[in-house]
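# Examining the three-dimensional arrangement
As a plain string of letters, each chain reads:
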Amino acid sequence: GEYIEMDKEGYITLLDKGREIAEKIYERHTFLTDWLTSIGVDPTVAAEDACRIEHVISAESFAAIKAHVLKNRPELMEKYQ
């Protein structure tokens, strides 16, 4: 496939395209968790909600939320450029 590769022992390696997708998902997750926590949501709840949100939000809405949050929460800026 173009996302992962499996060797004969069954070990999986992410290929470039797979790594790119994984990094995007991870960034969404950590950003949403940090944002929710920064507005007072319990960290455990924030992480659980981020898991749900990251699967259903469009790229357009995520980008708009991220831009809005970074403009208004400079403390998150250096982590998410």
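Our structure is the block above this text.
Let me sum up the structure you'll find in this document. (Residues numbered from 1 in each chain as written. Predicted model: local features only at pLDDT ≥ 70, side-chain atom pairs only at ≥ 80, totals over all residues. Heavy atoms only, no water.)

### Quick look at the nonpolar core
Burial of nonpolar side chains together is a common tendency in soluble globular proteins. Here is the rule: Buried Ala, Val, Leu, Ile, Met, Phe, Trp, Tyr and Cys residues form a nonpolar core when they are joined through side-chain atoms within 4.5 Å. The buried label applies to any residue whose accessible area, calculated with a 1.4 Å probe on protein chains only, is under 20% of its type's maximum; exposed applies above 50%, and partly exposed to all values in between. Strands here are runs of E lasting at least two residues and helices are runs of H or I lasting at least four, both read from the DSSP assignment and numbered beginning at the N terminus.
By size, the foremost hydrophobic cluster in this structure holds nine residues: F31, L32, A50, I57, F62, V69, L70, L76 and Y80. Where this core is concerned, the elements lending two or more residues are α1 (16–38) and α3 (59–72). Of the residues forming this core, the biggest block, three residues, is contributed by α3.

### Notes on α1
Note on helix geometry: an α-helix contains 3.6 residues per turn, so any two residues three or four positions apart are oriented the same way. Let me state the cut-off plainly: A helix is expected to span 1.5 Å for every residue after the first. We call two residues contacting when some pair of their heavy atoms lies within 4.5 Å.
Its 23 residues place the ends of α1 32 Å apart at the C-alpha level, agreeing with the 33 Å of an ideal helix rising 1.5 Å per residue. The complete set of buried residues in α1 reads G18, R28, H29, T30, F31, L32, T33 and L36. Summarising the contacts, the buried residues of α1 are in contact with β2 (12–14), α2 (43–56) and α3. Of the residues one or two after α1, G40 is the one with positive phi, at around 105°.

### Re the pattern of salt bridges
Heads up, the condition is: Any Lys or Arg side-chain nitrogen found within 4 Å of a carboxyl oxygen on Asp or Glu counts as a salt bridge.
Under the defined criterion, the tally for this structure stands at four salt bridges. Residues D34 and K79 are paired through a salt bridge, measuring 2.7 Å at the closest nitrogen-oxygen approach. Residue D34 is located in helix α1, and its partner K79 is located in the segment after α4 (74–77); the two are separated by 45 residues in the primary sequence. According to the relative accessible area criterion, D34 is partly exposed, its value standing at 22%. Its relative accessible area of 54% is what places K79 among the exposed residues. D49 is the salt-bridge partner of R52, the closest N and O atoms lying 2.7 Å from each other. One end of the pair is R52 and the other is D49, both in helix α2 and three residues apart, which spans about a single turn. Among the residues examined, R52 registers a relative accessible area of 52% and is labelled exposed. You can call D49 partly exposed: its relative accessible area is 24%.

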